[in-house]
Every structure is written in C-alpha cells, then in structure tokens.
Amino acid sequence: MININQDKNSFTLNYKGITVINHSSRKPCIEIGNGRPQVSQSHGNYKIKDRIIEKTACRNFTIRQVSDNELEINFLEGITVKAEEQEGRLVLSFTETGSHNRFWIHFLAYEDEMIFGGGEQYSTLNLKGKKFPIWTQEQGVGRGKDLITLLMNIHSHAGGAWYTTYFPQPTFVSTKNYFYHADETAYGELDFRDKNYH
C-alpha cells in the first residue's frame, strides 16, 4: 500500500515500508529545466556535454488521494506525479505542462546500500559513488584511464570508458530491497554519487 506523510512544506512517499521519495522545500525531489546538448562522435564513441540553460526546483505541492492505490502530487511549477500500485509494484508517472526538456528526480538513498544495474558493462559491479550515461555506443579500446585508452584517444578518439556499452538500461537494484526502472528511450544519466539521494 502507498503511504504518504505530509506537512505544509514536505512529504515522504513510502511503499511497502520503504521510503521512496523524501521531499521538502529545502531539498526538493524534482527539478525541471532546459538544456542544450553538445555532442561529438568518432568511430561510434560519443562525447556528450549538457549545457544547462535553466534549472528550477519544484518546491510547492498539493496532494490528492485518488483511491487506496493511487494518489497525485501536483507541483505548482507544472509537474504532476501519479503514484499508483500495479501488480504489487509502485509505478510513478510524470506529466509536465510546460516546455521543459530536462527533468531530474531524486530518490532517497541509503549510505550503506549497494547499487547494481545500469545495463551491461564489465568494469564495475557496485555502482554506488558512480555517475554514468544511459547511452548506446561503441565500447572503445580500453576501459578508462590506462595507457591503451590514452593512445587510442590520441590516435583516433577510439578509447573506451568504464561505462561504455552496447546495452545500457535505465534500471538499478538496491541491496535495500527495491528496484527502479525508467520506461524511457531518451538520453539519461544515473547518478549515485550523493549519499542522500540518487
């Protein structure tokens, strides 16, 4: 069952005893904005930089209980989050009324958890402390900051990185007994560097 605790400036969304989202006006769980990507490519290896033009924290909200298994969180900045229990899972859906092209959501993290997933890659098992793109590209030669990668980058910009993969997937599993999957095909990033949120 979905459980939400709220006061005027904050809420906590829990599902099956696990805190999924912890929102406050000081530490908002959602941000929206606009950005412009800078993309270069060589031999199937991409360099992607994102220039953020605008970033707005969604602070103010109202919550509407639709049923025992569904609720809506409406942020005054133009985002609606629908939380619904489906087949024993919590499904979050997001709609936006503006024309933003960037979206950030922060899920509660636990300092002692380990994170696995992100698709198929061969360098790191526990992703805690890492940030990486969800993007298909050539794996390149080498897996990061070694001599062969440096030489391939100098010669033909074909060096690999620890996260390059043919099969990225916006999914992760936590040792705290929850998993996350984004049903999304656009470029994205998973960021597990902060000890308080993902």
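All values derive from a computational prediction rather than experimental measurement. (Residues numbered from 1 in each chain as written. Predicted model: local features only at pLDDT ≥ 70, side-chain atom pairs only at ≥ 80, totals over all residues. Heavy atoms only, no water.)

For the rest of this paragraph, the subject is the sheet that holds strand E2 (residues 10–15). Hydrogen bonding along the main chain pairs the strands of a sheet, whether they run parallel or antiparallel. Here we have three strands laid out as an open sheet, ordered E1-E2-E3, and antiparallel in their pairing. In this open sheet, the two strands that pair with only one neighbour each are strand E1 (2–6) and strand E3 (18–24). Ignoring strand direction, the axes of neighbouring strands in this sheet form an average angle of 15°. Judged from the five bridges that link them, E1 and E2 form a sheet pairing that is antiparallel. Of the residues in E2, the one forming a bridge with Ile4 is Leu13. (Pairing = 2+ DSSP bridges. Helix = DSSP H or I, 4+ residues; strand = E, 2+ residues; numbered from the N terminus. Axes fitted to C-alpha atoms, helices over the stretch in contact; angles between N-to-C directions.)

Let's shift gears to the environment of Phe167. Within the secondary structure, Phe167 sits in strand E13 (residues 167–174). Accessibility expressed as a relative area gives 46% for Phe167, which makes it partly exposed. A sequence separation of 141 residues divides Phe167 from Arg26, and the C-alpha atoms of the two residues are 37 Å apart. The contacts of Phe167, once residues within four sequence positions are left out, are Gly118, Gly119 and Glu120. (Buried < 20%, exposed > 50% of the residue type's maximum accessible area, 1.4 Å probe, protein only. Contact = heavy atoms within 4.5 Å.)

Let us now look at the packing of aromatic side chains. Within the structure shown, the criterion is met by eleven aromatic pairs. Seen in terms of ring centroids, Phe11 and Phe61 are 5.0 Å apart; in terms of plane orientation they differ by 75°. Their pairing is edge-to-face. Placement of Phe11 in strand E2 and of Phe61 in strand E6 (residues 61–67) is noted, with a sequence separation of 50 residues between them. Taken as a pair, Phe11 and Phe61 share a single burial class, namely buried. Relative to Tyr180, the ring of Phe172 lies with its centre 5.1 Å away and its plane at 25°, an arrangement referred to as stacked. (Phe/Tyr/Trp six-rings, centres within 6.5 Å; stacked < 30°, edge-to-face > 60°.)

Once that is clear, we can look at the nonpolar core. Here is a general trend for soluble globular proteins: nonpolar side chains tend to be buried in one another's company. Within the largest apolar cluster, 20 residues are counted, with the highest numbers of intra-cluster contacts made by Phe11, Ile21, Ile30, Ile73, Phe75 and Ile79. For this core, the secondary-structure elements that each account for two or more residues are E1, E2, E3, strand E4 (30–42), strand E7 (70–75) and strand E8 (79–86). With sequence-adjacent residues up to four places away left out, Phe75 is seen in contact with Phe11, His23, Cys29, Ile30, Cys58, Arg59, Asn60, Phe61 and Val81. (Core = buried A, V, L, I, M, F, W, Y, C linked by side-chain atoms within 4.5 Å.)

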